[in-house]
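# Descriptive analysis of the structure
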Amino acid sequence: MSLDAGRCPNGHLSCPPHPRCPECGEPQSETVDLADETATVVTWTTSYATPPGVREPNTLAIVEFEAYDVRLLGQVDGDVEIGDTVEATYTEELRDPEAGIREPASQAWDGYRFSPS
Ligand SMILES: [Zn+2]
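Residues numbered from 1 in each chain as written. Predicted model: local features only at pLDDT ≥ 70, side-chain atom pairs only at ≥ 80, totals over all residues. Heavy atoms only, no water.

## Focus on the UniProt feature "domain: ChsH2 C-terminal OB-fold" (unreviewed entry) in the protein chain
UniProt records the feature "domain: ChsH2 C-terminal OB-fold" (unreviewed entry) at residues 32–89, using the numbering of this structure. In this annotation, residues 32–89 is assigned 0% helix and 53% strand; the end-to-end C-alpha distance for the span is 17 Å. (UniProt positions renumbered as here; feature names shortened; annotations may be inferred. Helix = DSSP H or I, 4+ residues; strand = E, 2+ residues; numbered from the N terminus.)

## A look at the coordination of the zinc ion
Looking at the zinc ion, the protein donor atoms are C8 (SG), H12 (ND1), C21 (SG) and C24 (SG), and they sit 2.1 to 2.3 Å from it. Look at where the donors of the zinc ion fall in the sequence and you get C-x3-H-x8-C-x2-C. Note that C8 is positioned in the loop between β1 (4–7) and β2 (13–14) and C21 in the loop between β2 and β3 (30–33), a separation of 13 residues in sequence. Residue classification places C8 among the buried positions, given a relative accessible area of 2%. (Donors = N, O, S within 2.8 Å, 3.2 Å for Na, K, Ca; no water. Buried < 20%, exposed > 50% of the residue type's maximum accessible area, 1.4 Å probe, protein only.)

## Quick notes on the pattern of salt bridges
One pass over the full model with this rule turns up four salt bridges. Across the salt bridge formed by E64 and R71, the nearest N and O atoms sit 3.4 Å from each other. Exposure remark for E64: the relative accessible area of 17% places this residue in the buried category. On the basis of relative accessible area, R71 is assigned to the partly exposed category, the value being 48%. One salt bridge connects D77 with R113, and the closest N-O pair in it is separated by 3.9 Å. In this pair, D77 sits in the loop between β6 (70–75) and β7 (85–91) while R113 sits in strand β8 (residues 111–116), placing the two residues 36 residues apart along the sequence. Residue D77 is classed as partly exposed on the basis of its relative accessible area of 28%. Judged by relative accessible area, which is 11%, R113 ranks as buried. One salt-bridge network, held together by shared partners, links R55, D77 and R113. (Salt bridge = Lys/Arg side-chain N within 4 Å of Asp/Glu carboxyl O.)

## Section: the nonpolar core
In terms of nonpolar packing, the biggest core is built from 20 residues, with L3, L34, V63 and F65 touching the most fellow members. When contributions to this core are tallied by element, the ones reaching two or more residues are β4 (38–47), β5 (58–65), β6, β7 and β8. Here the element with the most residues in this core is β5; it accounts for three residues. L34 has contacts with L3, A5, C15, F65, Y68 and V70, leaving out every residue within four places of it along the chain. (Core = buried A, V, L, I, M, F, W, Y, C linked by side-chain atoms within 4.5 Å. Contact = heavy atoms within 4.5 Å.)

## Topic: the sheet that holds β8
Strand-to-strand pairing in sheets goes through backbone hydrogen bonds, with the strands running parallel or antiparallel. Spatially, β6-β5-β4-β7-β8 is the arrangement adopted by the five strands of the open sheet, whose pairing is antiparallel. Pairing within the sheet leaves two strands with one partner each, and these edge strands are β6 and β8. Sheet twist, expressed as the average angle between the axes of neighbouring strands with direction ignored, equals 40°. Where β5 and β6 come together, six bridges link them in antiparallel fashion. Within the sheet, the bridge partner assigned to A61 lies in β6 and is G74. (Pairing = 2+ DSSP bridges. Axes fitted to C-alpha atoms, helices over the stretch in contact; angles between N-to-C directions.)

Written out as structure tokens, the structure is:
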């Protein structure tokens, strides 16, 4: 699995990729895999009122991949503080497929969380 960001000819990145760059409107013509890169915690919060199937409590963070000037929102494993370095870690279930989704086969359940590195 990969953690793909789209890049336009002007070097802007967005994650997830878009057909056109949100910054300048050019088509995004490249993909950059951020899965093996490190990021820095910009801010974080812990939710104790989570949607069905989402772990509780659920810590979320906005992390910045400084080398690429792109930010992501994602779940966090472990304790983090602003400025901490994190890495993406693959997980098979970001949510519980048995938690009331009418057509579980229509969803992707796996993805990445961020962990202190
Ligand atoms: Zn652009």
